[in-house]
Amino acid sequence: MNLPIRPRRNRRTPAIRSLVRENVLSAADFILPMFLHEDAVNTPIASMPGVTRWSLDGLVKEAGEAHALGVPAVVLFPKIGEHLKTPLAEECANDYGLVPRAIRALKAAYPTLCVITDVALDPYNSDGHDGVVRRDDKGELHILNDETVEILCQQALCHARAGADIVSPSDMMDGRIAALRSALDAAGFQQVSILSYSAKYASAFYGPFRGALDSAPKEGDKKTYQMDPGNAREAIREVLLDEAEGADMVMVKPAGPYLDIICRVRESTTLPVAAYQVSGEYLMIESAAAAGWVDAKAIALESLMGIKRAGADMILTYYAKRAAEWLK
C-alpha cells in the first residue's frame, strides 16, 4: 500500500505514545471528597462500598495519607445529628460545629493541604433541602432564594474564620456568588476562594451520596434549583453569571454523564473548571468490579481520563487516594 500518512507510527512504542500523549492524569488533578460525623469511630458507608464516614481523628489521618500521595485538596461533607437540624439550619454557622473543628484540625496537621468546604443547607436543614422551605396559602412547597443566600453567607464566613481555603456553594440559589464574595471581602477574607457549583444538575446519580449524609429531601425534589438534565445552553448561562459575580473556579456536576457540558464550559470561560465524579458514577464502577465484570483500576482511571480530556482542570472523585496510589 502506498500510504505516506500512517497514524499508527505515533502508536508504535510506549516511548512514542508517551511523547504524543495529549492528556496526562496525576494526583495533582484530584480533590478527595470526605464524609465526617461526630462519632468517635469510622463507619463504612453501606451505599458507597469502600468509602468511609470519618471520625475527626480518622479524617485527619486519611487526609494526611492522601496528601502524602500528592492529592492537594479535600472537600468536607458532614453528617449532622438530627437533633441539630432546624428549618433555618442555624447549626451551619456554628463556629464550634463539626466542620469548623475539622477545618482547624486539618490545617493544623497539614498546612499545605487545601481545605474546601461545602456551602449548602441540606445537611443542616430539617427539610432536607439546600434552601429554606416555606409553604404558600395553597400548601405548595417553595425554596426561598434570597433568605437562603443570607444564611449561606453566614455559613461561608464561619468556614473562613476556621481557616478554609476555598468555600464551595452547591446550593444553586440565584445571586449567591456575588453575595458570598461581598460578605467574605467585607469581613477581611479576600484571600478565600469560591469554587462554584455552577452547573449542578438534578441528577439521579446522587442517590448513594444522600444515603451517606442522610440528607435527602423530606418532601418534594430539587428540580426548582438544580438544573434540568436536558439543558446545555443553560449551563453556560449559569457559568458566565457566576464568573461575573466573582467565582474563582466553576464546577460541573455530575461529570461522566455530562462530558459534553464540561467541554462546553471549558470553551466558554477562562476560569479553572472542576468536575465532580459523583457517588452514582463511583458505585456503578465498584458494583461492576465486585461482580468481576470489569477491572476497577483500569475503568476508574479511564473514566477520570475522560473527564480530564473533556476539559476539567480538577476532578472531585472518591477514587482520589486510590488513583494517586495507582498512578504512583
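Now for a look at the structure at hand. Residues take numbers from 1 onward in each chain, read along the sequence in its written order. It should be noted that, the model being predicted, local features are given only for residues of pLDDT at least 70 and side-chain atom pairs only at 80 or more, the latter also being counted only at that level, while totals for whole chains, interfaces and linings use all residues. Each side-chain value is worked out from all heavy atoms of the structure, with water and hydrogens disregarded.

Glancing now at the overall build of the protein chain. Numbering goes from the N terminus for both helices and strands, where a helix is a DSSP run of H or I of at least four residues and a strand is a run of E of at least two. If you tally the helices and strands in the protein chain, you get 11 helices and 12 strands. Computation of the radius of gyration draws on C-alpha atoms alone. For the globule rule, the value is 2.2 Å times the number of residues to the power 0.38. What you see for the protein chain is a C-alpha radius of gyration of 20 Å, in line with the 20 Å of a compact globule of 328 residues. Judged by the C-alpha coordinates and their principal axes, the protein chain covers about 80 × 45 × 45 Å. Think of it in three bands: with a 1.4 Å probe and only protein chains considered, a residue is buried below 20% of the maximum accessible area for its type, exposed above 50%, and partly exposed in between. Within the protein chain, buried positions represent 52% of all 328 residues. We call two residues contacting when some pair of their heavy atoms lies within 4.5 Å. Once local pairs closer than 6 in sequence are excluded, the contacts in the protein chain between residues at least 24 apart make up 74%. When the accessible surface of the protein chain is split by element, carbon and sulfur atoms take 54% of a total near 14900 Å². Values of accessible area rely on a 1.4 Å probe in the Shrake-Rupley scheme; residue burial ignores everything except the protein chains shown.

In the contact formed by helix H10 (residues 296-310) and helix H11 (residues 320-327), the axes pass within 11 Å of each other and the chain directions differ by 100 degrees. The orientation of H10 with respect to H11, classified from their angle, is roughly perpendicular. Taken together, the residues of H11 that come into contact with H10 (itself represented by Ala296, Lys297, Ala300, Leu301 and Leu304) are Arg322, Ala323, Trp326 and Leu327. Charged means Asp, Glu, Lys or Arg here, nonpolar means Ala, Val, Leu, Ile, Met, Phe, Trp, Tyr, Cys or Pro, and polar covers whatever is left, Gly included. Its residues assigned to classes, the contact of H10 with H11 comprises seven nonpolar, no polar and two charged. Fitting a line to C-alpha atoms yields each axis, with helices limited to the stretch in contact; the angle taken between N-to-C directions then spans 0 to 180 degrees. Angle categories: roughly parallel below 35 degrees, roughly antiparallel above 145, roughly perpendicular from 65 to 115, and oblique for all the rest.

A word on the state of the cysteines. In what follows, a disulfide is any cysteine sulfur pair within 2.5 Å. On inspection of all chains with the given rule, the structure shows zero disulfides. Cysteine cysteine 114 remains unbridged, with the sulfur of cysteine 158 as its closest cysteine sulfur at 17 Å. Note on cysteine 158: no disulfide assigned, nearest cysteine sulfur contributed by cysteine 92 at a separation of 7.6 Å. Cysteine 158 sits in the buried class, given a relative accessible area of 1%.

Before going further, it helps to spend a moment on the packing of aromatic side chains. Here the aromatic set is Phe, Tyr and Trp, taking the six-membered ring for Trp, and pairing holds for ring centres within 6.5 Å; pairs whose planes are under 30 degrees apart are stacked, those over 60 apart are edge-to-face, and all others are tilted. One pass over the structure, following the stated rule, counts eight aromatic pairs. The criterion is that NZ of a Lys, or CZ of an Arg, lies within 6 Å of the ring centre and within 35 degrees of the ring normal, and then a charge sits over that ring. Cation over ring: lysine 253 sits above tyrosine 276, and NZ or CZ is 4.6 Å from the ring centre.

As used here, the term nonpolar core means buried Ala, Val, Leu, Ile, Met, Phe, Trp, Tyr and Cys residues forming a set that is joined through side-chain atoms within 4.5 Å. With 105 residues, the main nonpolar core has Leu76, Leu106, Ile261 and Tyr276 as its most contacted residues. For this core, the element with the most residues is helix H4 (residues 145-162), which contributes eight residues.

Their axes nearest at 8 Å, the elements helix H8 (residues 259-268) and H10 cross at an angle of 30 degrees. On the basis of the axis angle, H8 is roughly parallel to H10. When H8 is examined against H10, the residues Leu259, Ile262, Cys263 and Arg266 are found in contact with a partner set consisting of Gly306, Ile307 and Ala310. Across the contact of H8 with H10, the residue classes break down as five nonpolar, one polar and one charged.

For H4, built from 18 residues, the straight-helix expectation of 26 Å at 1.5 Å per residue is met to within 8% by its first-to-last C-alpha distance of 26 Å. Each element contacted by the buried residues of H4 is listed here: helix H3 (98-109), strand S5 (114-119), strand S6 (132-135), strand S7 (141-144), strand S8 (166-169) and helix H5 (176-186). In the segment just after H4, glycine 163 is the residue with positive phi, at about 115 degrees. Here the expected span of a helix is defined as 1.5 Å times the quantity of residues minus one.

Moving on to helix H2 (residues 56-68). Relative to the 18 Å expected for 13 residues at 1.5 Å per residue, H2 spans 18 Å between its end C-alpha atoms, a close match to the ideal helical length. Positioned one or two residues after H2, glycine 70 has a phi angle of 105 degrees, which is positive.

As a further point, take the side chain of serine 203. Relative to the helices and strands, serine 203 is located in the loop between strand S9 (193-200) and helix H6 (207-213). With residues near it in sequence (within four places) discarded, serine 203 still touches Gln226 and Pro254.

Looking now at the pattern of salt bridges. By salt bridge we mean one thing: a side-chain nitrogen of Lys or Arg within 4 Å of a carboxyl oxygen of Asp or Glu. For the coordinates displayed, the defined rule picks out 17 salt bridges. For glutamate 65, the salt bridge goes to lysine 321, with nearest N and O atoms at 2.5 Å. Taken as a pair, glutamate 65 in helix H2 and lysine 321 in helix H11 lie far apart in primary sequence, 256 residues in all. Judged by relative accessible area, which is 30%, glutamate 65 ranks as partly exposed. Residue classification places lysine 321 among the buried residues on the basis of a relative accessible area of 15%. One salt bridge connects arginine 181 with aspartate 248, and the closest N-O pair in it is separated by 3.6 Å. Highlighted residues: arginine 181 in helix H5 and aspartate 248 in the loop between helix H7 (233-245) and strand S10 (249-253), separated in sequence by 67 residues. Residue aspartate 248 is classed as partly exposed on the basis of its relative accessible area, which comes to 30%.

For valine 252, the position within the fold is in strand S10. For valine 252 and isoleucine 315, which are 63 residues apart along the polypeptide, the C-alpha to C-alpha distance reads 9.8 Å. Ignoring sequence-local partners within four residues, the contact set of valine 252 consists of Ala199, Tyr258, Ile261, Ile262, Val265, Ala274, Ala275 and Tyr276.

Once that is clear, we can look at unusual backbone geometry. Proline 254 follows lysine 253 through a cis peptide bond whose omega is -5 degrees. Here proline 254 is to be found in the loop between S10 and H8. A positive phi angle, near 55 degrees, is found at alanine 89, a position not held by glycine. Topologically, alanine 89 is positioned in the loop between strand S4 (73-78) and H3. Alanine 89 gets classed as buried once you look at its relative accessible area, which sits at 0%. A positive phi angle is found at methionine 172, which is not glycine, with a value near 70 degrees. Within the secondary structure, methionine 172 sits in the loop between S8 and H5.

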